[in-house]
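# Structural description and commentary
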Amino acid sequence: PYPVFANVRKDDPVKQVILPGNRLGWLITRYEDAELALRDARFVKDPQRALSSEQLQQQFGNIPMGQDADSEDVALRRPAFFERHMLGVDPPNHTRLRSLVNLSFTPRFIERWRERIQAIANELLASVEAKGTMDLVNDFAFPLPMLVITKMLGIPREDQDKFRVWSNLFIESSGDPDSFRQNAEQIAAFREYLRYLIDKKREQPAEDLLSSLIEAETAGNKLSQGELISMVSLLLIAGHETTVNLISNGMLALLQHLEQKELLQQDPALIKSAIEEFLRFHGPLMTATQRWMGEDVELNGKLLKRGDYVVVILASANHDEETFKNPETLDITRQDNRHLAFGKGIHYCLGAPLARLEGQIAISTLLQRFPHIRLAVAPEELTWRPGALIMGLRSLPVNF
Ligand code: HEM
């Protein structure tokens, strides 16, 4: 998509378009505008703060709002893009929800997971080593972050396969209300599972994130039932659907730029700046999540009106020639790399320290153990997952 974005940035950087569901929306493609939209409080996350009741009805149908929306049952009926998790709300709710998990994701706290993440990486690679070939997405990049986040939450390993189907559903149908209706059965199964999991943890709390969230919910005023369900779904989905693409898009970039791969192999300490460059060059998310105009704002000569829908195109901002020198060049030594792959402002990715650590360990370990790793198919044969939110490969066959 990068050449297309480059043209839009030049010709019509704040571009009005018709989105699925016949909604009018604005595409924000330049770095400066994207950064502003991500951190400016006039761009809001909760549609109830931007839309009239008629517009709400039109766009969301009869989904209960406000206090009514707080029951566990309703939270589970709502499509993911409209949930009451921190990424879907504004302050003061956002501040309250984020503060419940902030401490568990600080770089210092995450550092404690290093050995466990390394052990998971070793284990996954050991299981394919003898074959000399693997699908890097499904054998490595997907299970690694999944094993980590489910472990953090305290979800039993035998349940983990179930999430694949569900999180796929949420990711690939993101922003398309019809697809939620069509997949009602799967959504009901996800709801049943979450309910079962929470009940089980209530009975047997442990030293894990889910238990501490349940404690906050039980304490009363910190977290409603609906918010608890939403928070767990968000952490589960955000915790691996993105990092899988950091690892696989990053490896694909290296395998298509062998001089950069060699450079990294000669100087493994470059892994930190390499990860930042992978996030910029071919980051996991094409766009940020939903935002509406909370009031009228003029941006780059266009009037964005209260209630308008806004799509911030991270993939375009990260290739803006006004901000990045030679944006189309992969340079793992790039300095001052202020990419927006993790967003900006109050919704800046909670999991960034974890994702960075997972990415560094995953790619370093791959290159160490399989130094001659190479693509097993021509790049044109690779297929990408549908949907406008993520940029992720379906599979990445490699030989080593
Ligand atoms: C928010 C990207 C990994 C949890 C975000 C946002 C972005 C992002 C762009 C902001 C979206 C917006 O403002 O619309 C990424 C990328 C990742 C990654 C590129 C991997 C490379 C993770 C992981 C977790 C996580 C591992 C762990 C649980 C979250 C949460 C939020 C968030 C909870 C919402 C924060 C808030 O609203 O305050 N992420 N993420 N992410 N991310 Fe990540």
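- Looking at an unreviewed UniProt entry, one finds the chain named Cytochrome P450 and attributed to Dictyobacter vulcani.

### Focus on the overall build of the chain
- Regarding its fold elements, the chain presents 19 helices and ten strands.
- Here the chain has a C-alpha radius of gyration of 21 Å; the compact-globule value for 400 residues is 21 Å, and the two agree.
- Viewed in the frame of its principal axes, the chain has a C-alpha envelope of about 60 × 60 × 40 Å.
- In the chain, which comprises 400 residues, the proportion classed as buried is 42%.
- Residue pairs in contact within the chain that sit at least 24 positions apart in sequence constitute 73% of those at least 6 positions apart.

### Re the pairing of strand S2 (residues 23-28)
- As judged from the six bridges shared by strand S1 (residues 14-19) and S2, these two strands associate in the antiparallel manner. Its bridge partner lying in S2, Val17 is registered against Gly25.

### Quick look at the nonpolar core
- Grouped together as the largest cluster of nonpolar side chains are 97 residues, with contacts concentrated most on Ala34, Leu144, Val310, Val312 and Leu314.
- Tallying contributions element by element places helix H14 (residues 225-241) first for this core, with nine residues.
- With residues near it in sequence (within four places) discarded, Leu314 still touches Ala34, Gly283, Leu285, Met286, Thr287, Ala288, Leu340 and Ala341.

### Concerning the packing of helix H7 (residues 114-129) against helix H19 (residues 352-369)
- For the pair H7 and H19, interaxial distance at closest approach is 10 Å and the crossing angle is 40°. If you check the angle between H7 and H19, you find them oblique. Handedness of the H7/H19 crossing: right-handed. Contact residues: H7 offers Arg114, Ile117, Gln118, Ala121, Asn122 and Leu125, while H19 offers Leu357, Glu358, Ile361, Ala362, Thr365 and Arg369.
- Here the contact of H7 with H19 is composed, by residue class, of six nonpolar, three polar and three charged.

### What to know about the pairing of strand S8 (residues 309-312)
- A two-sided burial pattern is seen for S8, the buried positions comprising Tyr309 and Val311 on one face and Val310 and Val312 on the other.
- Here S2 runs beside S8; their pairing, made up of four bridges, is parallel. For Ile28, the partnering residue across the bridge sits in S8 and is Val312.
- Note that strand S5 (residues 291-293) and S8 share two bridges and pair antiparallel. If you follow Arg291 over to S8, its bridge partner there is Val310.

### A word on helix H13 (residues 209-218)
- Considered for burial, the residues of H13 that qualify are Leu209, Leu210, Leu213, Ile214 and Glu217. On an axial view of H13, the arc spanned by its buried residues comes to 135°, and they lie on one face.
- Those residues of H13 that are buried are in contact with helix H5 (93-101), helix H9 (143-153), helix H12 (184-203) and H14.

### What to know about the packing of H12 against H13
- At their nearest, the axes of H12 and H13 sit 10 Å apart, and the two run at 85° to each other. If you check the angle between H12 and H13, you find them roughly perpendicular. Counted together, Ile198, Lys201 and Arg202 of H12 and Leu210, Ser211 and Ile214 of H13 form the full contact between these two elements.
- In terms of residue class, the contact of H12 with H13 is built from three nonpolar, one polar and two charged.

Rules and cut-offs
Residue numbers here run from 1 along each chain, matching the order of that chain's written sequence. Owing to the predicted nature of the model, reporting of local features is limited to residues with pLDDT of at least 70; listing and counting of side-chain atom pairs is limited to 80 or more, with chain, interface and lining totals taken over all residues. Numbering of helices and strands starts at the N terminus; helices are DSSP runs of H or I of at least 4 residues and strands are runs of E of at least 2. Restricting the calculation to C-alpha atoms gives the radius of gyration, and the globule rule supplies 2.2 Å times the number of residues raised to the power 0.38. Exposure in this text rests on C-beta crowding, where 20 or more other C-beta atoms within 10 Å of a residue's own make it buried, 12 or fewer make it exposed, and counts in between make it partly exposed. The C-beta atoms are placed from the backbone. Contacts here follow a simple rule: the backbone-placed C-beta atoms of the two residues must lie within 7 Å. For two strands to be treated as a pair, DSSP must find no fewer than two bridges joining them. We define the nonpolar core as any set of buried residues of the types Ala, Val, Leu, Ile, Met, Phe, Trp, Tyr and Cys, connected via C-beta atoms lying within 7 Å of each other. Between N-to-C directions, angles cover 0 to 180 degrees, with each direction set by a line fitted to C-alpha atoms, over the stretch in contact for helices. Angular relationships are summarised with four words: roughly parallel below 35 degrees, roughly antiparallel beyond 145, roughly perpendicular across 65 to 115, and oblique for the angles in between. Should the near helix be turned anticlockwise from the far one by less than a right angle, the crossing is termed left-handed; should it be turned clockwise, right-handed. Three classes are used: nonpolar for Ala, Val, Leu, Ile, Met, Phe, Trp, Tyr, Cys and Pro, charged for Asp, Glu, Lys and Arg, and polar for all others, with Gly counted as polar. The arc in question is the one traced by the directions running from the helix axis out to the C-beta atoms.

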